[in-house]
Amino acid sequence: MKLVSALTVTALCGLAACAKDAVSPSIQAPLSAIVAGNPPPPPVLGFMSGTFSPLAGVASGPQAGLSFRATARYNRNLTTGAELVEFEPGPGKILTNPSGVQRAFGIIVLTNPSNGATLTFDLSQLVGFQGPLFVPCLAGSAVNCFLISPAVLGTIQLRNGRMYPAAGQLRYRWETGAP
């Protein structure tokens, strides 16, 4: 009897582990699966990044765009299609559904890892955007990636304190174990 009970407990533990794996994010899912709901809950840690260039007529900015990144979490409600991006640390959040942006708030700061420059932008500029906010990345990009479809405006501050307005596009890549 004890042997049967031990086997039952072992089998149940094995089933629990399989069920837990079933809800883990599928980081190797095909790009088209992002639209279908991958990665599924729970929230998936990743990076928001983008290349931003000075706005036309800004003579004091560098000629080339600078790349920035910040940590963020992505989640999708597989029943309603609502999507949520939360920046870490900080209060910045973007909540969308298939018809557009429902809520977006917070002043977000991204950093250029090579020179310490920062990019600051206000997520509220996305409020009122209609249609899918998150779209697949360009062909040839990593499969675990999507773009925020509109360009966003921000302020770049260099280490020397010089600031200027800039525009660019953001993309999100969820964790694959590589930085």
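Thresholds applied
Residues numbered from 1 in each chain as written. Predicted model: local features only at pLDDT ≥ 70, side-chain atom pairs only at ≥ 80, totals over all residues. Heavy atoms only, no water. Buried < 20%, exposed > 50% of the residue type's maximum accessible area, 1.4 Å probe, protein only. Helix = DSSP H or I, 4+ residues; strand = E, 2+ residues; numbered from the N terminus. Pairing = 2+ DSSP bridges. Salt bridge = Lys/Arg side-chain N within 4 Å of Asp/Glu carboxyl O. Phe/Tyr/Trp six-rings, centres within 6.5 Å; stacked < 30°, edge-to-face > 60°. Lys NZ or Arg CZ within 6 Å of the ring centre and 35° of its normal. pLDDT = per-residue confidence, 0-100. Contact = heavy atoms within 4.5 Å.

**Let's talk about the pairing of strand β1 (residues 44-54)**
Okay, so step 1: When you tally the buried positions in β1, you get 8 out of 11 residues, the bulk of the element.
Okay, so step 2: Inspection of the sheet shows β1 paired to strand β2 (residues 66-76) by 9 bridges, in the antiparallel sense. From the neighbouring strand, G50 faces β2, where its bridge partner is F68.
Okay, so step 3: Here β1 pairs with strand β11 (residues 163-174) via 9 bridges, running antiparallel. Note on β11: the bridge partner recorded for F47 is R173.

**Details of the pattern of salt bridges**
Pairs may arise between side chains of opposite charge once their charged atoms sit close together.
Okay, so step 1: Applying the stated criterion to the full structure yields 3 salt bridges.
Okay, so step 2: Among the ionic pairs, E83 bridges to R76, the shortest N-O distance being 3.3 Å.
Okay, so step 3: In this structure E83 comes out as buried when scored by relative accessible area, which is 11%.
Okay, so step 4: Residue classification places R76 among the buried positions, given a relative accessible area of 14%.
Okay, so step 5: Put simply, K93 and E86 hold a salt bridge, and the shortest N to O gap is 3.4 Å.

**Topic: the pairing of β2**
Successive residues of a regular strand alternate their side chains across the two faces of the sheet.
Okay, so step 1: With 6 bridges joining them, β2 and strand β3 (residues 83-88) adopt antiparallel strand pairing. In the sheet register, Y74 faces β3, and the bridge partner there is V85.

**What about the packing of aromatic side chains?**
Okay, so step 1: For the structure on display, the rule yields 6 aromatic pairs.
Okay, so step 2: When the ring of F52 is compared with that of F68, the centres are 6.4 Å apart and the planes differ by 75°; the resulting orientation is edge-to-face. Placement of the pair is F52 in strand β1 and F68 in strand β2, with a sequence separation of 16 residues. Of the two residues examined, F52 and F68, each falls in the buried class.
Okay, so step 3: The ring of F47 has R69 lying over it, and the distance from NZ or CZ to the ring centre is 3.7 Å.

**Looking at the confidence of the model for the chain**
Okay, so step 1: Here the chain shows a mean pLDDT of 74. Residues at 70 or above account for 70%.
Okay, so step 2: The lowest-confidence element of the chain is helix α1 (residues 2-22), averaging 37 in pLDDT; the highest-confidence one is strand β5 (residues 100-105), averaging 94.
Okay, so step 3: Note on residues 1-37: pLDDT is under 50 here. Beyond four places in sequence and across chains, it has 33 contacts.

**A closer look at the environment of A72**
Okay, so step 1: One can find A72 in strand β2.
Okay, so step 2: Here A72 falls in the buried class, since its relative accessible area comes to 0%.
Okay, so step 3: Apart from the residues within four sequence positions on either side, A72 is in contact with V44, L45, G46, M48, V85, E86, F87, E88 and Y172.

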